[in-house]
Amino acid sequence: MDASLVQILNAPASFNNGIGVISDPAMSDPGATFRPVLSLVRESPETRYYSAMLSRGCPKSCSFCSVRLGFPFHRKALLSDIDALFKPLEGSPKRVHVNFEDDNLALDFDYLERTIDILDFYTGGNFGISMENGLDFTALDREKLSFLKSRNITQLNISFVSSNTSVLAENKRRYSPEDFSMVARAASSLSIPVTAYLIAGLPDEKFQSIDKGLEFLAGLPVLIGISPFYAVPHSSGFADESMFDRISPNFCKGTSFYPWNECTTDELIRVFIKARALNVERRVASERHGQVSLEFT
Ligand code: SF4
């Protein structure tokens, strides 16, 4: 039976407590394309800000990531559907800014270029772009960053995860901190502000190791974002659903700083506070030197 989320929440017992609920009928079909979404989020006197989703799922399989639980296959929108999506932007009286949300678009850079070309066409070049959660830095290099700069990217949010190579390998992240450093420095040299995300509380990573990651990022021209680790049923290492019956669902979100693994709540909060303090110090220093690469957004 098809039902809206509101109907399910109002009568969960009628839907077997959620078992069998499918949010997207095509999500279990690896051959299906994704129907893209564009929503107006806010508006300033000069700019209309949109959020776009062009794909779901991800071809990678980082152990800590829950994306594959909701979207087991990587599905992208057809370029013809993206064309139809952006067409209504034609003749916009204001500049258009599109943030691509949770789309790992850099993995297929030709697709990303063609997507931006479509946006350029319908906005007459009066556009900006940003990408939240999902841009894989290992797919970027100086040439690609230069392209993104030339196409008005305003902010790069990239996931560093950890400076501990064993933790990275355990989580199927095959790169070194130096690889990350190269991309962050290249972006900064092109005046693209970078926020680098460190995950706090991964399995087998203790406070001292996370702190080393913070110090590593403090040496780069980036703002530091903290993503506290959280588990959901069937996250890697958390297959036992019964433990989730014993805790509040509120703990299954990053802002709870729940001690899922080696770190205590106190340690996780200390990491968060230290990252914020480092950002403020570096913002002050950056303003003093007239740099633009450490802007808060
Ligand atoms: S690259 Fe990002 S979205 Fe893909 S599996 Fe890893 S963390 Fe998840």
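Structural data are supplied above this passage.
Here is a short report on the structure shown in this document.

Calculation rules
- Residues numbered from 1 in each chain as written.
- Predicted model: local features only at pLDDT ≥ 70, side-chain atom pairs only at ≥ 80, totals over all residues.
- Heavy atoms only, no water.
- Salt bridge = Lys/Arg side-chain N within 4 Å of Asp/Glu carboxyl O.
- Helix = DSSP H or I, 4+ residues; strand = E, 2+ residues; numbered from the N terminus.
- Buried < 20%, exposed > 50% of the residue type's maximum accessible area, 1.4 Å probe, protein only.
- Near = heavy atom within 4 Å.
- 1 Å grid on protein atoms, 1.4 Å probe; cavity = no way out; pocket = protein on both sides within 12 Å on 5 of 7 lines; lining within 4 Å.
- Sits in = over half its atoms within 2 Å of the grid points.
- Nonpolar A, V, L, I, M, F, W, Y, C, P; charged D, E, K, R; others polar.
- Pairing = 2+ DSSP bridges.
- Core = buried A, V, L, I, M, F, W, Y, C linked by side-chain atoms within 4.5 Å.
- Domains from an automatic or database assignment.
- Contact = heavy atoms within 4.5 Å.
- Points joined across faces, edges and corners; volume = space filled by probe spheres on them.
- Right-handed = clockwise from strand over helix to strand, strands pointing away.
- Phe/Tyr/Trp six-rings, centres within 6.5 Å; stacked < 30°, edge-to-face > 60°.
- Lys NZ or Arg CZ within 6 Å of the ring centre and 35° of its normal.

1. Focus: the pattern of salt bridges
No. 1: Within this structure, the stated rule accounts for 12 salt bridges.
No. 2: Taking the shortest distance from any N to any O, the salt bridge between aspartate 136 and lysine 60 comes out at 2.8 Å. With aspartate 136 in the loop between strand E6 (127-132) and helix H5 (142-150) and lysine 60 in the loop between strand E3 (55-56) and helix H2 (67-70), the pair connects residues that are 76 residues apart, well separated along the chain.
No. 3: In this structure, aspartate 120 engages arginine 151 in a salt bridge whose closest nitrogen and oxygen atoms are separated by 2.5 Å. Separated by 31 residues along the polypeptide, aspartate 120 in helix H4 (residues 109-123) and arginine 151 in the loop between H5 and strand E7 (153-161) bring together distant segments of the chain.
No. 4: With relative accessibility at 23%, the residue aspartate 120 sits in the partly exposed group.
No. 5: Owing to a relative accessible area of 13%, arginine 151 belongs among the buried residues under this scheme.
No. 6: Taken together, the shared-partner salt bridges connect Glu43, Arg48 and Lys94 into one network.

2. Regarding the site of the ligand
No. 1: As a matter of local geometry, the ligand sits amid Cys58, Lys60, Ser61, Cys62, Phe64, Cys65, Asn104 and Arg173.
No. 2: Counting atoms within 2 Å of the grid points, the majority share of the ligand lands in the largest pocket.
No. 3: When grouped by side-chain class, the residues that make up the shell around the ligand number 4 nonpolar, 2 polar and 2 charged.

3. Examining the pairing of strand E2 (residues 47-53)
A regular strand places its side chains so that they alternate between the two faces of the sheet.
No. 1: For strand E1 (residues 37-43) and E2, the ladder comprises 6 bridges, and the chain directions are antiparallel. Note that in E2 the partner of leucine 38 across the bridge is alanine 52.
No. 2: Between E1 and E2, which pair antiparallel in sequence order, lie 3 residues.
No. 3: Sheet analysis places E2 next to strand E5 (residues 95-101), joined by 6 bridges and oriented parallel. Each bridged residue has a counterpart across the sheet, and for arginine 48 the counterpart in E5 is valine 96.

4. Let's talk about the nonpolar core
No. 1: Among the nonpolar cores identified, the biggest contains 74 residues, and Leu148 and Leu156 are the most heavily contacted of them.
No. 2: Ranked by residue count, the leading element in this core is H4, at 7 residues.
No. 3: Mapping this core onto the domain boundaries places at least three of its residues in each of domain 2 (33-135) and domain 3 (159-297).
No. 4: Dropping the residues within four chain positions of it, leucine 156 is found in contact with Leu135, Leu140, Leu145, Ala187, Ile192, Pro193, Val194 and Thr195.

5. Overview of the layout of surface pockets
No. 1: Of the voids in this model, the largest pocket is the one considered here, and its volume is about 1,100 Å³.
No. 2: Together, 31 residues line the largest pocket, and Phe64, Cys65, Val67, Asn133 and Gly134 are the ones closest to its centre.
No. 3: For the lining of the largest pocket, the secondary structure elements donating two or more residues are H2, E7, strand E8 (194-200) and strand E9 (223-228).
No. 4: A per-element tally of the lining of the largest pocket places E7 first, with 3 residues.
No. 5: For the lining of the largest pocket, the class distribution of residues is 13 nonpolar, 11 polar and 7 charged.

6. Here's the deal with the pairing of E7
No. 1: Across the 9 residues that make up E7, a large majority, 7, are buried.
No. 2: For the crossover that starts at E6, traverses H5 and ends in the parallel E7, the hand is right-handed.
No. 3: As paired elements, E7 and E8 share 5 bridges and run parallel to each other. Paired with leucine 156 across the bridge in E8 is valine 194.

7. With respect to the packing of aromatic side chains
No. 1: Applying the stated rule across the entire model yields 12 aromatic pairs.
No. 2: Ring plane angle 20° and centroid distance 4.6 Å describe the contact between phenylalanine 251 and tyrosine 258, whose orientation is recorded as stacked.
No. 3: Under the relative-accessibility criterion, phenylalanine 251 is labelled partly exposed at 30%.
No. 4: Joined through ring pairs, the aromatic side chains of Phe229, Phe238, Phe244, Phe251, Tyr258 and Trp260 make up one cluster.
No. 5: Arginine 42 extends its terminal NZ or CZ atom over the ring of tyrosine 49, reaching a point 3.9 Å from the ring centre.

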